Amino acid sequence: MNDDFDEPTAPHENLGPELTDDEEALLMEMPALTDDVGQTRRTFVGRTVAGSLGLFALNLLDLEKALAGLKPSPDVVFAADPVAENLVKVVLKVNGATKTLEIDSRVVLLDALRERLKLTGSKKGCDQGQCGACTVLVDGRRVLSCLTLAASVDGKEVTTIEGLAKVGHLHPMQAAFIKYDAFQCGYCTPGQICSAVGLLGEARRGEVSHVTEDVTVRTTRLTDDQIRERMSGNICRCGAYPGIVAAIQEVHSGKRTEHTWRFVEEQQLARVRREDANEAV
Ligand code: FES
Ligand code: FES
């Protein structure tokens, strides 16, 4: 196992490689990749992938600046919603910054993150613990934030997808997801990546799973089947599972493989467009 990458309790220390040319080109290419599909999809895909993979915030500097006014400064106390009941004060360390909230005791962590702290990377899919889109790390362990009361994690460290990347560096798991094309729409991706980072910690600690063949033998090495089983709580409606397993296996094993895909070239695009135009007449 690659011990450099498997410590989920301190994800900021697990810096990934500098952005490669391909990774930087991904955002630049996004419009070209979706030109034939339309503006709405282009905008949706661009924003979703940017939310999923924190590095893209760097490339969207202007957007970041525009949003800066919406972001709370560290340590600020978030006053209670005027219509809230059963108020409780909750102090969380979110992505390294202390946040103090006054919230209704029934507010779940996912809503506290998204609606109060404006950290919208964690997604609400089913809102009932079945899809994994809301997965975040609490004290390094993965939890479903839609089923976790915010008050129950008072005083704990919460890491969301926004906290994995650091300036100029992806978390290795984020880099691997890009490398293996492990997402399509990107909606499940924040949860998949947080879950995968949590999985690495479980493997490192030798925790068994449903498919562990012999629970009396301590092993930290996961097979693809074991990764599949441990990630079975994270649903991907786009079916990006092969890429997800490959990405996790690479980070887990530390064995690097070459890119298996490449960007389409302008000449190829032009040829396809010419062929489409000829078919249309
Ligand atoms: S939104 Fe939490 S599991 Fe689906
Ligand atoms: S990438 Fe679309 S739901 Fe997983």
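Preceding this paragraph is the structure being described.
Let me begin by describing the structure that accompanies this report. (Residues numbered from 1 in each chain as written. Chains lettered and ligands numbered in written order. Predicted model: local features only at pLDDT ≥ 70, side-chain atom pairs only at ≥ 80, totals over all residues.)

### Here we look at unusual backbone geometry
At step 1: One non-glycine residue, Asp127, lies in the positive phi region at around 65°.
At step 2: Structurally, the position occupied by Asp127 is in the loop between α5 (109–116) and β4 (135–138).
At step 3: Classification of Asp127 by C-beta neighbours within 10 Å gives partly exposed; the count is 15.
At step 4: Even without glycine at this site, Asp139 takes up a positive phi of about 50°.
At step 5: On the secondary structure map, Asp139 appears in the loop between β4 and β5 (141–144).
At step 6: Among the residues examined, Asp139 registers 14 C-beta atoms within 10 Å and is labelled partly exposed. (Helix = DSSP H or I, 4+ residues; strand = E, 2+ residues; numbered from the N terminus. Buried ≥ 20, exposed ≤ 12 C-beta atoms within 10 Å, placed from the backbone.)

### Side note on the nonpolar core
At step 1: Counting 53 residues, the largest nonpolar core has Ala112, Ala150, Met173, Phe177, Ile193, Val197 and Ala247 as the members making the most contacts within it.
At step 2: Of all the elements in the fold, those that place two or more residues in this core are β2 (87–94), β3 (97–104), α5, β4, β5, α6 (172–179), α7 (189–204) and α9 (241–253).
At step 3: In terms of residue count, the dominant contributor to this core is α7 (7 residues).
At step 4: Excluding residues within four positions of it along the chain, Ala112 makes contact with Leu101, Ile103, Val107, Leu117 and Ala150. (Core = buried A, V, L, I, M, F, W, Y, C linked by C-beta atoms within 7 Å. Contact = placed C-beta atoms within 7 Å.)

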